[in-house]
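# Structural characterization, general
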Amino acid sequence: MQQQAYEESRLYRLRHSAAHLMAQALTELYPGVKLAIGPPIENGFYYDVESPEPIREEDLPKIEQRMRELANLKQPIVRRVASNRQEARAIILSDCTLGQGEQTAEYKLELLEAVPEGEPISFYEQEAIDKQGRRRYFIDLCRGPHVESTAEVKHFKLMSVAGAYWRGDARNKMLTRLYGTAFETKEELEQYLHRLEEAKRRDHRILGRDLGLFLFSPRVGPGLPLWLPKGTVLREVLSDFLKEEQLRRGYLPVVTPHIASRRLYEKSGHIITFKEKMFPFMEDEEKETFILKPMNCPFHIEIYSSQMRSYRDLPIRLAEFGTVYRYEQSGELAGMLRVRGFTQDDSHLFVRPDQLLDEFKGVVDLMMTVLAKLGLREYRVRLGTRDEASDKYIGHPQNWEDAQTAIEQACRDLGLEYEVSPGDAAFYGPKLDLIVKDALGRDWQMGTVQVDYNLPERFELEYIGEDSKPHRPIMIHRAPFGSLERMIGLLTEHYAGAFPMWMAPVQAVVLPIADRHNEAAHALAEMLRGRGEFGGVRWQFSLPLRVSVDDRRESLNKKIRENQLQKVPVMLILGDRDLENGTVGVRHREHGDLGPKPLAEAVQTLVEELRS
Ligand SMILES: [Zn+2]
Ligand SMILES: [Zn+2]
């Protein structure tokens, strides 16, 4: 829907005209250049060309300069319709690229042939006489629409050069694709460029490596992250937080294996519905087939059905940080956002129909609590409902009705705005997706809650009701983080690696000024970890501080700089005068250099920061 609005916007026309303006500049700067196609795209435009001499990134300023000059000529952009194919052909051969005719018209002639019979064949031309009295002219086979004049193309920038096959087909010739962007105002252009810079600076793949969080190794395989010590601490901090929150809400922890017999997934139906995402199966000596776990649900169902359940036992909320493996296409792997092995903060709730509303509400409330704690304040939820016209959904219409009513009621009760997306439900029940906005205003699809009538049916799950008769429970699948991998990817970019104190893998680092202060520095760190005392002070907090000592033989300035780059929240600097006076130099990530502080006061500040 958004796409459509964009295609009808002035911005879309403006970018299309910018593409033509670039093409005109290219025909002047690279005589003999063959133009292929040049559409507007999501964040700008491009043009594919075949150039007699290579066009490189360093040529872009020169092309931009020529575009500016052409824009200043204020060429009117005029639509022309050829009365027939022959005339269109003649226009392309004569004028398309400044009368160079046949040699440069190859792609345009092919495009002309592709215009369906009976459709108008339109061209857009732009023309002006410059100060020297020369005719500057460009015409392009094009459906349009465009803005009125090249003078309107003011705020643009050429971004990059890439290769692209003609018609996207690897058997065809490789063309040069020039990317650019254009905006209505200078501010919008600058904001966009700034956002791009910021996004690059925050890229979790680069920060993940630079901050020592995780890495990918070709010897381990694509999409299989190795978690380094600092990343592992971050994982544990996040999962401990959620585990504690879940304990408070009556969840029961379980652990299940990483592989299971094929029979489990036959029963669950995943072997049919999820086969293409499963790693190749393995077979043991007794010819039993095993499958690497792509989902936790069937395991939790086995636990539920391992004993008779009464209506009084429900709801049962089984929770597991379950690692699953999915065979994603290697071309689709993207840092931590799409991996082949990841850990879901998974849980399955088995509930009675009369509990659905309250349980759903509990889950959504948990999600909101989690997001608030993580500092992700902007988010929206999308309710995926059934497409009434389709028959791919299983279960009684009444169930669907009830589930949807419960979800909507839950959102309303919690004051949560939601958008409805018909046809977005899973085939087994409606769902709620969480879309988080990060610090740059980008959307991240994160956690999800799904109501499921299918698996209880397939596994013939039951509980004995108050009427002593068997009833079928409803299942809720939920994962507030989505996965630890994805959540840490998001948080890394959201905070640009400067995690809040409670999350930071290293919360403080002690910097001895010279070798003779090393011993004291280590003793201070020990105390902050909750062992022993230093300078008569003891650590007074339930958790040890995550503190390290940087005792490398480097200058203090260099150590400060490098720990700044590591985004460590607090640096504690120890020198002769500090040891004499019972002080420590404090440098705070946000508040800067706070100078020497009495030891007890510095430690108290750390504790307060951890408490808040
Ligand atoms: Zn065009
Ligand atoms: Zn599940």
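Here, every reference points to the structure presented above.
Residues numbered from 1 in each chain as written. Chains lettered and ligands numbered in written order. Predicted model: local features only at pLDDT ≥ 70, side-chain atom pairs only at ≥ 80, totals over all residues. Heavy atoms only, no water.

Right, let's talk about the coordination of the zinc ion (ligand 1) for a bit. Looking at the zinc ion (ligand 1), the protein donor atoms are His16 (NE2), His20 (NE2) and Cys142 (SG), and they sit 2.1 to 2.4 Å from it. A residue is classified by how much of its surface remains accessible, and His16, at 8% relative accessible area, is buried. (Donors = N, O, S within 2.8 Å, 3.2 Å for Na, K, Ca; no water. Buried < 20%, exposed > 50% of the residue type's maximum accessible area, 1.4 Å probe, protein only.)

Our next topic: the nonpolar core. In terms of nonpolar packing, the biggest core is built from 57 residues, with Leu238, Leu356, Phe360, Leu374, Leu432, Leu491 and Met503 touching the most fellow members. With nine residues, helix H12 (residues 356-374) is the single largest residue contributor to this core. Those residues in contact with Leu374, other than ones at most four positions away along the chain, are Leu238, Phe481, Met487, Leu491, Tyr495, Trp502 and Met503. Core analysis: the second largest hydrophobic core is formed by 34 residues, Ala19, Leu26, Leu35 and Ala71 among them. (Core = buried A, V, L, I, M, F, W, Y, C linked by side-chain atoms within 4.5 Å. Helix = DSSP H or I, 4+ residues; strand = E, 2+ residues; numbered from the N terminus. Contact = heavy atoms within 4.5 Å.)

Attention now goes to the packing of H12 against helix H13 (residues 397-413). The geometry of H12 relative to H13 is characterised by a closest axis approach of 9 Å and an angle of 50° between their N-to-C directions. It follows that H12 is oblique to H13 by the angle criterion. The way H12 lies across H13 gives a crossing that is right-handed. Here H12 contributes Leu356, Leu357, Phe360 and Lys361 to the contact with H13, which in turn contributes Ala403, Ala406, Ile407, Gln409, Ala410 and Asp413. Of the residues belonging to the contact of H12 with H13, the class tally is seven nonpolar, one polar and two charged. (Axes fitted to C-alpha atoms, helices over the stretch in contact; angles between N-to-C directions. Parallel < 35°, antiparallel > 145°, perpendicular 65-115°, else oblique. Left-handed = near helix turned anticlockwise from the far one by under 90°. Nonpolar A, V, L, I, M, F, W, Y, C, P; charged D, E, K, R; others polar.)

This part takes up a nonpolar patch on the surface. On the surface, Leu215, Val220 and Leu226 cluster together into a nonpolar patch covering about 200 Å² of accessible area. Within the fold, Val220 resides in the loop between strand E9 (214-215) and strand E10 (226-227). The exposure class assigned to Val220 is partly exposed, which follows from its relative accessible area of 40%. (Patch = residues over 30% accessible without salt bridge, like charges linked within 9 Å, V, L, I, M, F, W, Y side chains within 5 Å. Areas by Shrake-Rupley, 256 points an atom, 1.4 Å probe, with all protein chains shown as cover. Salt bridge = Lys/Arg side-chain N within 4 Å of Asp/Glu carboxyl O.)

A word on the packing of aromatic side chains. Throughout the structure, instances matching the rule amount to eleven aromatic pairs. Relative to Phe299, the ring of Tyr265 lies with its centre 6.4 Å away and its plane at 70°, an arrangement referred to as edge-to-face. Of this pair, Tyr265 sits in helix H9 (residues 262-268) while Phe299 sits in helix H11 (residues 297-304), and the two are 34 residues apart along the sequence. Its relative accessible area of 0% is what places Tyr265 among the buried residues. Among the aromatic residues, ring-to-ring pairing joins Phe214, Phe216 and Trp227 into one connected group. Directly above the ring of Trp227 sits Arg235, whose terminal nitrogen or CZ lies 4.9 Å from the centroid. Looking at Lys373, its charged tip hangs above the ring of Trp502, at a distance of 4.4 Å from the centre. (Phe/Tyr/Trp six-rings, centres within 6.5 Å; stacked < 30°, edge-to-face > 60°. Lys NZ or Arg CZ within 6 Å of the ring centre and 35° of its normal.)

Moving on, we get to the sheet that holds strand E13 (residues 282-283). Reading across the sheet, the three strands line up as E12-E14-E13 and stay open at both edges, with antiparallel pairing between neighbours. Strand pairing shows two members of the sheet lacking a second neighbour, strand E12 (259-261) and E13, which therefore form its edges. With three bridges connecting them, E12 and strand E14 (residues 289-292) associate as antiparallel partners. Considered in E14, the bridge of Ser261 is made with Phe290. (Pairing = 2+ DSSP bridges.)

Right, let's get into the coordination of the zinc ion (ligand 2). Distances from the zinc ion (ligand 2) to its protein donors, namely Cys297 (SG), His348 (NE2) and His477 (ND1), fall within the range 2.0 to 2.4 Å. All donors of the zinc ion (ligand 2) come from a single chain, and their spacing in sequence reads C-x50-H-x128-H. Taken together, the residues span a long stretch of sequence, with Cys297 in helix H11 and His348 in strand E16 (residues 341-351) at a distance of 51 residues. You'll find Cys297 and His348 in the same group, each marked buried.

Now for the side chain of Thr181. Positionally, Thr181 belongs in strand E8 (residues 174-183). A distance of 2.5 Å separates a polar side-chain atom of Thr181 from the backbone oxygen of Asn43. When near neighbours in sequence (up to four residues on either side) are disregarded, Thr181 contacts Arg15, Asn43, Gly44, Phe45, His155, Phe156, Lys157, Met159, Leu189 and Tyr192. (Polar contact = N/O pair within 3.5 Å; in protein donor to acceptor, adjacent residues only side chain to side chain.)

Further remarks concern a negative patch on the surface. Together, Asp387, Glu388, Glu401 and Asp402 make up a negatively charged patch on the protein surface. With respect to the helices and strands, the residue Glu388 is situated in the loop between strand E17 (379-385) and H13. (Lys, Arg positive; Asp, Glu negative; His and termini not counted. Charge placed at Lys NZ, Arg CZ, Asp CG, Glu CD.)

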